[in-house]
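# Examining the three-dimensional arrangement
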Number of protein chains: 4
Amino acid sequence: MSNIIGQLFRLTTFGESHGVAVGGVIDGCPSRVAIDIDAIRCDLRRRRGDGMERVTSRHEPDDVEWLSGIIDDQTLGTPIAFMVYNRDAHSDDYQQYRDIFRPGHSDYTWQQRYGIRDWRGGGRSAARETLSRVVAGAIAKQVLSQRGICVTAELDTISNTLTNDTVGGTVRCVVTGAPVGLGEPIFGKMQSQLAAAMLSIPSVTGFEFGEGFHAAAMFGSEYIDRWNSDFTTQTNHCGGLQGGLTNGMPVTFRVAFHPVVTIPQPLPCVDKEGHEHVVEPKGRHDRSHVQRAVVVVEAMAALVMVDNLLMANKY
Amino acid sequence: MSNIIGQLFRLTTFGESHGVAVGGVIDGCPSRVAIDIDAIRCDLRRRRGDGMERVTSRHEPDDVEWLSGIIDDQTLGTPIAFMVYNRDAHSDDYQQYRDIFRPGHSDYTWQQRYGIRDWRGGGRSAARETLSRVVAGAIAKQVLSQRGICVTAELDTISNTLTNDTVGGTVRCVVTGAPVGLGEPIFGKMQSQLAAAMLSIPSVTGFEFGEGFHAAAMFGSEYIDRWNSDFTTQTNHCGGLQGGLTNGMPVTFRVAFHPVVTIPQPLPCVDKEGHEHVVEPKGRHDRSHVQRAVVVVEAMAALVMVDNLLMANKY
Amino acid sequence: MSNIIGQLFRLTTFGESHGVAVGGVIDGCPSRVAIDIDAIRCDLRRRRGDGMERVTSRHEPDDVEWLSGIIDDQTLGTPIAFMVYNRDAHSDDYQQYRDIFRPGHSDYTWQQRYGIRDWRGGGRSAARETLSRVVAGAIAKQVLSQRGICVTAELDTISNTLTNDTVGGTVRCVVTGAPVGLGEPIFGKMQSQLAAAMLSIPSVTGFEFGEGFHAAAMFGSEYIDRWNSDFTTQTNHCGGLQGGLTNGMPVTFRVAFHPVVTIPQPLPCVDKEGHEHVVEPKGRHDRSHVQRAVVVVEAMAALVMVDNLLMANKY
Amino acid sequence: MSNIIGQLFRLTTFGESHGVAVGGVIDGCPSRVAIDIDAIRCDLRRRRGDGMERVTSRHEPDDVEWLSGIIDDQTLGTPIAFMVYNRDAHSDDYQQYRDIFRPGHSDYTWQQRYGIRDWRGGGRSAARETLSRVVAGAIAKQVLSQRGICVTAELDTISNTLTNDTVGGTVRCVVTGAPVGLGEPIFGKMQSQLAAAMLSIPSVTGFEFGEGFHAAAMFGSEYIDRWNSDFTTQTNHCGGLQGGLTNGMPVTFRVAFHPVVTIPQPLPCVDKEGHEHVVEPKGRHDRSHVQRAVVVVEAMAALVMVDNLLMANKY
């Protein structure tokens, strides 16, 4: 498995959806960074989708317990470990999936790879795992803000929900204030790192930066961004990235999410012998998860930016 | 910089476009793999675009010199080092860019990051660097073929060229024969690794797998792939990936390329003081690079697949 | 910082000595390994030195809380997260060190590197951190035992303690049952990995394998190990390692520990201005830590062996 | 295999002893470092042991061919690739070892791990591989010298050679001028990195820093280094390292080498069936390799120091 991301600012996450707890450890966070706990709580509320339409979140406070690395609301430079106990976990709802593979889920692939899986609420593959990313991302954003770098994601497009179906959508993200030259040429281009981070989010099926796929249909004369005399550009078709490095303009990218795969309809599953079983889904399931994913996109982008800020010795 | 890719099958590349040579070192290639040198030459010809429209490649044979790791056309398990000398390099064509920054290129960002750059033919950031990827990818494909895995990329879309402009396009790629369970859950999902590899190719602006961005507009009931009794699926909207792991169906993805940024028109550049200089471009420049990039996409996909085959102990 | 060790079996540790908790996360542990919790408790007791001479351990049970990765005493293949709350922490004993640097400790170097340090009980640099290593090592030993590999460390030498001083000593370790060929040639030699792991243990000042430093005074004709017809050797001067790989004979090495640096005598410390302050030490301090370190050596060796077993696809 | 070392200053080496060439690629060398080619030649002569007693080096100039990364004797920040063709390779001398395993060599372990080996001159496991380390180390020393850091190794002890036998010995190394705080606490301690680097050198059997193994027999009151008012210490028993970080005093360590294992006597080998074959050794073999290894120790120490200088943002 690969539960660690980053080179100098490294996040390790752990936890099954209906296990004892979910959490993470940040290795390499700079020392003496003031940590605003309320800002972290705020991002966790965004992830839970409190008050959002089409969202049915777990009824639990997501209280973060801080285990190490912070003293007097300041980072020590040692590993920052945090966890959230799983309280409102209705494992019984998932008994029906214990011995079958749902369509659109990782039940089958995980079973084949590991020979065992935690069927309770999707275990490690459930979206609950993104909680750890949001906490770490919120810390990353606070490190970035010390250098005037701001990461902001927002809902871009979302379909209308039918009364008995689910939808997906797109999220756009902008990073402003990044100094010129962040990213690593060749295999560590900023767009490579951002793409890998975004595609690691459950349900993401696409990534594009700047003009993205639209650029494939443009002419060179339309695409190139003309210079201003201060080295900014008149347009930003390249999404703030040249040769894999930030060029001082806003870094812009879009992420596509497929619809929620647990649909409010009878699900055609198969058992280990390949026999079909149509199951009436129980448990908590959103009609759309894109709104809740906005803060996850923001978190992953922040983790990438901090790591690159350190790699370029710009912190 | 980050000139190394992979975890167990690791490629290190080197070389400036108009320097002495370009090449690479593969660390971690399995031993006793028969190497077909002609197949490698064939891929190099595809990269050079021999006989393709809208392509003006360098007039040199790209003769690969093998330095280590292969004995009697068989791998030793030791590092496979290879290089190609740069012969037909017209550095003089680039004198005009020595002290200015071209639009759409990495001249400015590299200068800011490193305080120095090889202005000859774009140096390390030129597409010449992809030659090393193609050689390594050709070897990776031969390792994969031993396990019945086949990687095939093809031109998907390309615009018509105006008589004085350049175009981009898209490439699609399919991987067949991959066993179930390749990829690493959470941060090392197969789609994350493929996306990072593709976005590391010069001019790539987007990646999507399966339905990709189109999935964002689908309903859940349309998107989920129904099972067959043999654990294949009736459709393949998910592009052969569930939970970041291969599910036994073909892995499918698309890559977008922006148009060539050196257009056959006067280029508005700026010097270090920010003053504009309009330059008439010299040197070899394609009207389109997408056809030549097809084999690069194939190579990068092969490198990712071999690495994951080893990670999953499936070789 | 570098709080992560291993390539495929990766341990991340966290926690300050007198913070909320210490613990760790194991990423990459094979799935479906039966875990014997009692065996882990046993190793923790060895680390605490219960009943050992010259040892004053903290009066707390070191109850491990398992947060993820294990279900029904079996590994899931997901991250194994564990923690132990710090209960019997007498931070007041350390108030006297708040603004001064002790001799022989990391107070000064950490302050210079991070600009802040947790003065309470040595914070992250205290031996309490080795608790996480012992837990992870105990799990590693259980993975190894599935393949017939056994790691055993024992006290080798220890000086007699004076009534008002501290001592160091040496520990020897033997790994039996390892298959031929574990380790990675060139930079990842088994002895390189073992040495790095051992030197990462607080107070360790030396590592040697086989004849070690004694080999420097031997003649070649004495040193080479003669073959038996079954590819074992008549002697084992090379410590079971040839060319960085295990050769099927027992892997043997020794580790040296310097004496405890908090001596039961007035300590000559300096403050931030460089003025000397002689301090009468308080707090819990062993006269010797070598006996307690035996299980830590065993744990680190086990972590290295498991990682290499996976690297060589021998699990 | 593991032919890559370092995290930010990464060296990849390649080449078999009697293959086409040996060489390496440095990824992550800072840009705009002036490179003194003569100093590199000088270190290569030290490695070849020109004029040294008990040494029979290959009769070839070891001319380094520079392939990339350097322009006008200055680093570009791009990968520095270099190679040396193997000229004076007498492979015929090794025909006798083609189908047998020598004692004290890696013939057997490599055959078991890879199922194939380059029997010509030991292939990848021969000391010829250290040539690449010396070139890279020489560059690393030039980077370090820009920051006033000096790495110096010297012969410490060596036995007298009998007329028909070989000997080993010890090398000591001192690093001066390192700023306070280099190294990574916990698993990346400076002594861990140095130990791993030294144990990766062929024939090395032990590593110790400061008082090393002798410290195990000292009392705490003897071992601790008293402060001076300028934060230097009156003694340097700890070898310049506290808590895994440099403390501003010289970093001192010793390395042990076992004797040359190809002795000038009939060698008792075994074939694949385990039958003994006594062979009269041919080929070039030193009576002692310790003098030639001095510059290799220096090179590996320099590689570790540069990497840590970059990790600590002190370059």
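What comes next concerns the included structure. Quick caveat, the model's predicted, so the values are computed rather than measured.

### Remarks on the side chain of Ser288(C)
All names here are of chain C. Secondary-structure assignment places Ser-288 in the loop between strand S16 (276–279) and helix H6 (290–311). Within the structure, Ser-288 has its side chain in polar contact with the backbone nitrogen of Val-290 (distance 3.3 Å). For Ser-288, the side chain forms a polar contact with the side chain of Gln-291, separated by 2.9 Å. When residues no more than four places from it in sequence are discounted, the contact partners of Ser-288 are Arg-54, Val-55, Ile-158, Val-167 and Val-260.

### Some thoughts on the interface of chain A and chain B
Counting residues at the interface gives 96 residues for chain A and 96 residues for chain B. Buried area between chain A and chain B, both sides added, is near 7400 Å², and the carbon and sulfur share of it is 67%. On the surface where chain A and chain B come into contact, there are two salt bridges. In this structure, the salt-bridge partner of Arg113(B) is Glu184(A), at a minimum N-O distance of 2.8 Å. A breakdown of the residues in the side of chain A that touches chain B according to their chemical character gives 47 nonpolar, 34 polar and 15 charged. Summarising the sheet, strand S11 (residues 204–209) of chain A and strand S11 (residues 204–209) of chain B pair through three bridges and their orientation is antiparallel.

### Notes on the relation of the copies chain A and chain B
Turning chain A through 180° and shifting it by 0.0 Å along the axis lays it on chain B, with an RMSD of 0.0 Å. Interpreted geometrically, this transformation is the action of a two-fold axis. When the interface residues of chain A are mapped onto chain B, 100% of them are again interface residues, pointing to one common binding face.

### Overview of the sheet that holds strand S7 (residues 80–85) of chain B
All names here are of chain B. Taking strand neighbours across the sheet as the criterion, the five strands line up as S1-S2-S3-S7-S4 in an open arrangement whose pairing is antiparallel. The open sheet has two free edges, formed respectively by strand S1 (4–5) and strand S4 (65–68), since each of these has just one partner strand. Against the sheet, helix H3 (residues 130–145) contacts strand S2 (10–14), strand S3 (21–27), S4 and S7, and its axis sits at roughly 35° relative to S3.

### As for unusual backbone geometry
All names here are of chain C. For Asn-313, which is not glycine, the phi torsion reads 55° and is therefore positive. One can find Asn-313 in the segment after H6. Among the residues examined, Asn-313 registers a relative accessible area of 34% and is labelled partly exposed.

### As for the interface of chain C and chain B
Listed per partner, the contact involves four residues of chain C and four residues of chain B. At the boundary of chain C with chain B, total buried surface from both sides reaches about 360 Å², with 48% on carbon and sulfur atoms. For the pair chain C and chain B, the number of links is zero residue pairs in polar contact (both at pLDDT 80 or more).

### Considering the side chain of Asp62(C)
Residue and element names in this part refer to chain C. Relative to the helices and strands, Asp-62 resides in the loop between helix H1 (37–48) and strand S4 (65–68). Given the relative accessible area of 5%, Asp-62 is considered buried. Of the polar contacts made by the side chain of Asp-62, one reaches the side chain of Arg-128; its length is 3.2 Å. The residues contacting Asp-62, other than those within four sequence positions of it, are Leu-44, Arg-47, Arg-48, Val-84, Arg-128 and Leu-131.

### Points about helix H1 (residues 37–48) of chain B
Residue and element names in this part refer to chain B. When the terminal C-alpha atoms of H1 are compared, their 17 Å separation across twelve residues agrees well with the 16 Å that a helix rising 1.5 Å per residue should span. If you check which residues of H1 are buried, you get Ile-40, Asp-43, Leu-44, Arg-47 and Arg-48. With its buried residues spanning 145° around the axis, H1 presents them on a single face. At the N-terminal boundary of H1, the capping side chain belongs to Asp-36, with an oxygen 2.9 Å from the backbone nitrogen of Asp-38. Following H1 by one or two positions, Gly-49 has its phi on the positive side, about 70°.

### Description of the packing of aromatic side chains
All told, the structure shown has 40 aromatic pairs over all chains when counted by the stated rule. Seen from their ring centres, Phe101(C) and Phe231(D) are 6.0 Å apart, and the 65° between their planes marks the pair as edge-to-face. Pair noted here: Phe101(C) is in strand S8 (residues 100–101) and Phe231(D) is in the loop between helix H5 (220–223) and strand S12 (241–242), and the two residues belong to different chains. The positively charged end of Arg102(A) is found above the aromatic ring belonging to Tyr97(A), 4.8 Å away from the centroid.

### Structural notes on the pattern of salt bridges
Residues and elements named next belong to chain B. For the structure shown, the criterion picks out 68 salt bridges over all chains. With a closest N to O distance of 2.7 Å, Arg-120 and Asp-118 form a salt bridge. When its relative accessible area of 18% is taken as the criterion, Arg-120 is described as buried. Taking the relative accessible area as the measure of exposure, Asp-118 reaches 8% and is therefore buried.

### Here's the deal with the packing of helix H1 (residues 37–48) of chain A against helix H6 (residues 290–311) of chain A
All names here are of chain A. At a minimum axis separation of 6 Å, H1 and H6 run at an interaxial angle of 140°. The orientation of H1 with respect to H6, classified from their angle, is oblique. Between H1, through Asp-43, Arg-46, Arg-47 and Arg-48, and H6, the contact on the second element is made entirely by Arg-292, Val-294, Val-295, Val-296 and Glu-298. Here the contact of H1 with H6 is built from residues that sort into three nonpolar, no polar and six charged.

### Examining the pairing of strand S2 (residues 10–14) of chain A
Residue and element names in this part refer to chain A. Of all five residues in S2, five are buried, a share of seventy percent or more. Here S2 shows two buried faces, one formed by Arg-10, Thr-12 and Phe-14 and the other by Leu-11 and Thr-13. As paired strands, strand S1 (residues 4–5) and S2 are joined by two bridges and run antiparallel to one another. The residue of S2 that forms the bridge with Ile-4 is Thr-12.

### A few points about the environment of Tyr315(D)
All names here are of chain D. Within the fold, Tyr-315 resides in the segment after helix H6 (290–311). Exposure remark for Tyr-315: the relative accessible area of 26% places this residue in the partly exposed category. With 183 residues separating them in the primary sequence, Tyr-315 and Ser-132 have C-alpha atoms 24 Å apart. Excluding residues that lie within four positions of it along the chain, Tyr-315 makes contacts with Pro-30, Val-33, Val-143, Gln-146, Arg-147, Leu-309 and Leu-310.

What counts, and at which threshold
Residues numbered from 1 in each chain as written. Chains lettered and ligands numbered in written order. Predicted model: local features only at pLDDT ≥ 70, side-chain atom pairs only at ≥ 80, totals over all residues. Heavy atoms only, no water. Helix = DSSP H or I, 4+ residues; strand = E, 2+ residues; numbered from the N terminus. Polar contact = N/O pair within 3.5 Å; in protein donor to acceptor, adjacent residues only side chain to side chain. Contact = heavy atoms within 4.5 Å. Buried area = accessible area lost by both parts, 1.4 Å probe. Salt bridge = Lys/Arg side-chain N within 4 Å of Asp/Glu carboxyl O. Nonpolar A, V, L, I, M, F, W, Y, C, P; charged D, E, K, R; others polar. Pairing = 2+ DSSP bridges. Least-squares fit on C-alpha atoms with pLDDT ≥ 70 in both. Axes fitted to C-alpha atoms, helices over the stretch in contact; angles between N-to-C directions. Buried < 20%, exposed > 50% of the residue type's maximum accessible area, 1.4 Å probe, protein only. Expected span 1.5 Å × (residues − 1). Arc of directions from axis to C-beta. Phe/Tyr/Trp six-rings, centres within 6.5 Å; stacked < 30°, edge-to-face > 60°. Lys NZ or Arg CZ within 6 Å of the ring centre and 35° of its normal. Parallel < 35°, antiparallel > 145°, perpendicular 65-115°, else oblique.

Limitation: the analysis is restricted to geometry and does not speak to function.
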